[in-house]
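Each chain, written out:
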Amino acid sequence: LLYTIKFEFQMCIGVTDYARLYLFIINSITAIKGLVITFIGIYCTAKSNKIPFSDVETGNLLAFIVLTTVLGLFILSLGVSGIISSINQSPGMITVYVRFLCVVMLLQVSLLVGSFVAKPDITHNADIAWRHFVSSYNSPYAAPSMRYTVEEVQGSLHCCGYTGPGDYSPLPPPSCCNSYIPSSRALCPESDRVTKGCRDLIPQLVLNAIHLLAVVIGFALILDILSLLGAWYVNDTSTKYDLI
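The structure presented is a predicted model; accordingly, all values stated were derived computationally and were not measured. As a convention, each chain's residues are numbered from 1 in the sequence order in which they are written. Side-chain atom pairs in this predicted model are given and counted only at pLDDT of 80 or more, local residue features only at pLDDT of at least 70, and totals for whole chains, interfaces and linings cover all residues. Hydrogens and waters are ignored; side-chain quantities use all the structure's heavy atoms.

A.B. asks: So, the overall build of the protein chain: which residues are in play, and what are the values?
C.D. replies: A helix here means a DSSP run of H or I that spans at least four residues, while a strand means a run of E at least two residues long, and both kinds are numbered starting from the N terminus. Check the secondary structure of the protein chain and you find 7 helices and 0 strands. The proportion of buried residues among the 244 residues of the protein chain is 38%. Pairs of residues are marked as contacts when any of their non-hydrogen atoms sit within 4.5 Å. Of the contacts formed within the protein chain by residues at least 6 apart in sequence, a portion of 71% connects residues at least 24 apart. Here the accessible surface of atoms and residues is derived via Shrake-Rupley with a 1.4 Å probe, and residues count as covered only by protein chains that are part of the display. Entry remark: accessible area of the protein chain is about 14,300 Å², with carbon and sulfur atoms responsible for 70%. We call a residue buried when its accessible area falls under 20% of the maximum for its residue type, exposed when it is over 50%, and partly exposed in between, using a 1.4 Å probe and counting protein chains only.

A.B. asks: Outline the side chain of S227, listing residues and values.
C.D. replies: One can find S227 in helix α7 (residues 202-237). Overall, S227 belongs to the buried group, its relative accessible area being 4%.

A.B. asks: Requested: an account of the state of the cysteines, with residues and values cited.
C.D. replies: Defined by distance alone, a disulfide is two cysteine sulfur atoms within 2.5 Å. The full count for this structure, using the stated rule, is 2 disulfides. Covalent S-S linkage joins C159 and C198, the inter-sulfur distance amounting to 1.9 Å. As the torsion about the S-S bond is roughly 95°, the C159-C198 disulfide counts as right-handed. Of the two residues, C159 is situated in the loop between α6 (144-157) and α7 and C198 in the loop between α6 and α7; the sequence distance between them amounts to 39 residues. The residues C159 and C198 share a single accessibility class, namely buried. Here C160 connects covalently by a disulfide to C176, the sulfurs 1.9 Å from one another. On the sign convention where negative means left-handed, the S-S torsion of about 80° between C160 and C176 marks this disulfide as right-handed. Separated by 16 residues along the polypeptide, C160 in the loop between α6 and α7 and C176 in the loop between α6 and α7 bring together distant segments of the chain. As far as the burial class goes, C160 and C176 line up, both buried.

A.B. asks: Quick one: what's the story with the packing of helix α4 (residues 91-117) against helix α5 (residues 119-136), residue by residue and with numbers?
C.D. replies: Interaxial distance between α4 and α5 falls to 5 Å at its minimum, and their mutual angle equals 65°. Contact with α4, carried on its side by S115, F116 and V117, involves K119, P120 and I122 of α5 and no other residues of that element. For this classification, the nonpolar set comprises Ala, Val, Leu, Ile, Met, Phe, Trp, Tyr, Cys and Pro, the charged set comprises Asp, Glu, Lys and Arg, and every other residue, Gly included, is treated as polar. Classifying every residue of the contact of α4 with α5 gives 4 nonpolar, 1 polar and 1 charged. Helix axes use the C-alpha atoms of the stretch in contact, all axes being lines fitted to C-alpha atoms, and the angles between their N-to-C directions lie in the range 0 to 180 degrees.

A.B. asks: Lay out α4 in plain terms, naming residues and giving numbers.
C.D. replies: Structurally, the α-helix is built with 3.6 residues per turn, so residues lying three or four positions apart point the same way. Helix span, expected: 1.5 Å multiplied by one less than the number of residues in the helix. Compared with the 39 Å implied by 1.5 Å per residue over 27 residues, the 39 Å span of α4 between its first and last C-alpha is a close match. Turning to α4, its buried residues are I94, Y97, L101, V104, M105, L107, Q108, L111, L112 and S115.

A.B. asks: Explain unusual backbone geometry to me, and be specific about the residues and the numbers.
C.D. replies: Phi is positive for H158, close to 55°, though the residue is something other than glycine. Accessibility expressed as a relative area gives 55% for H158, which makes it exposed.

A.B. asks: A description of the packing of aromatic side chains should follow, citing residues and the corresponding values.
C.D. replies: Pairing of aromatic side chains here covers Phe, Tyr and the six-membered ring of Trp, requires ring centres within 6.5 Å, and sorts the geometry by plane angle: under 30 degrees stacked, over 60 edge-to-face, intermediate tilted. Here the structure, examined in full by the defined rule, presents 1 aromatic pair. Summarising the aromatic geometry, the rings of Y137 and Y168 are spaced 5.7 Å apart at their centres and angled 80° between planes, so their arrangement reads as edge-to-face. A residue pair is termed long-range when its members are at least 10 positions apart, and Y137 in the loop between α5 and α6 and Y168 in the loop between α6 and α7 qualify at 31 residues. Geometrically, a lysine NZ or arginine CZ counts as sitting over a ring once it is within 6 Å of the ring centre and also within 35 degrees of the ring normal. The cationic tip of R147 hangs over the ring face of Y137; the distance from NZ or CZ to the ring centre is 5.8 Å.

A.B. asks: Describe α6, naming the residues involved and giving the relevant values.
C.D. replies: With 14 residues, α6 should cover 20 Å at 1.5 Å per step; its first-to-last C-alpha distance of 20 Å lies within 8% of that length. Listing the buried residues of α6 in full gives M146, V150, E151, V153, Q154 and G155. Looking at the buried side of α6, the elements it contacts are α5. Downstream of α6 by one or two residues, H158 has phi in the positive range, about 55°.

A.B. asks: I'd love a proper account of the confidence of the model for the protein chain, names of residues and values included.
C.D. replies: For every residue, the predictor assigns a confidence score, pLDDT, that lies between 0 and 100. A residue-level look at the protein chain finds 79% of positions with pLDDT of 70 or above and a mean pLDDT of 76. Low pLDDT, under 50, characterises residues 1-13; the predicted model gives this stretch 11 contacts beyond four residues in sequence or across chains. In the model, residues 240-244 has pLDDT below 50 throughout and makes 1 contact with residues more than four positions away in sequence or in other chains.

What follows is the structure, encoded as C-alpha cells:
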C-alpha cells in the first residue's frame, strides 16, 4: 500500500524530477565551491614558502591548509560525480556519489574538530606572524601583501602594532589613527594614534574565524544530508534494468 501511494504521489507531482534537478543544481554549486577551495588551498600552500611567511612558524597552520586543499579536491570530485549521477541516474554512479559525499562529510567534521583542537597552536602561530609583520612593516623589503594585511587587521580591530604604536619605527602606518580611512596614506599624528596593541586581540580574531568556519561547515553538512536523501530517493525511484 505504501509503495502504491508513493507511486501515485510521484506521478502527480514528479518528485523524482525535482530531486534530480535539486541534485544537479546543488552539485554544480558544490563543484564550483570545490574548485575555489582547492585553488585557495594551493595558493596558500605556495605562499607559505615565500617571504614573509617563510620566516614564520607555520607548523599546524600549514597542515590545516593542506587538509583544506584535500577537502577542496574531494568536494570538486563530489560535485562532478553528483552532476553525472543526477543526469544518467546510474545506480553505480549514485553509489560513487554517496561514497564521495560520506568522505566529504567526514573531512568537514575532521576539519571543524581539528580547528578547535589546534586553536592554541594556531593562535600561537598567528601571534608570531603578527609580531614579525609589525617588525618588518617599515622594511624596504617588506612585501606589499604583508603591509596590506597589517593595514586591514589594524583598521578592522582598531589596534596598532604588537603592543602599541611604539613598535613602529620611525612612524606607525595610517591604520594606527583613530580617524583612519582605508586607502589613506596620510601620516598619523601622535594625538590621533590608537594606543592599544593588537596582541591581546589576536586570540579573539582566531576564535571568530573558527566560529565562522563552524557556521559554514554546519550549513554545508545540512546540504550534504539533503543531497544524501535526494540521491537515495533518485536511486530508489529510478527505473531499474536487468542485466542480460
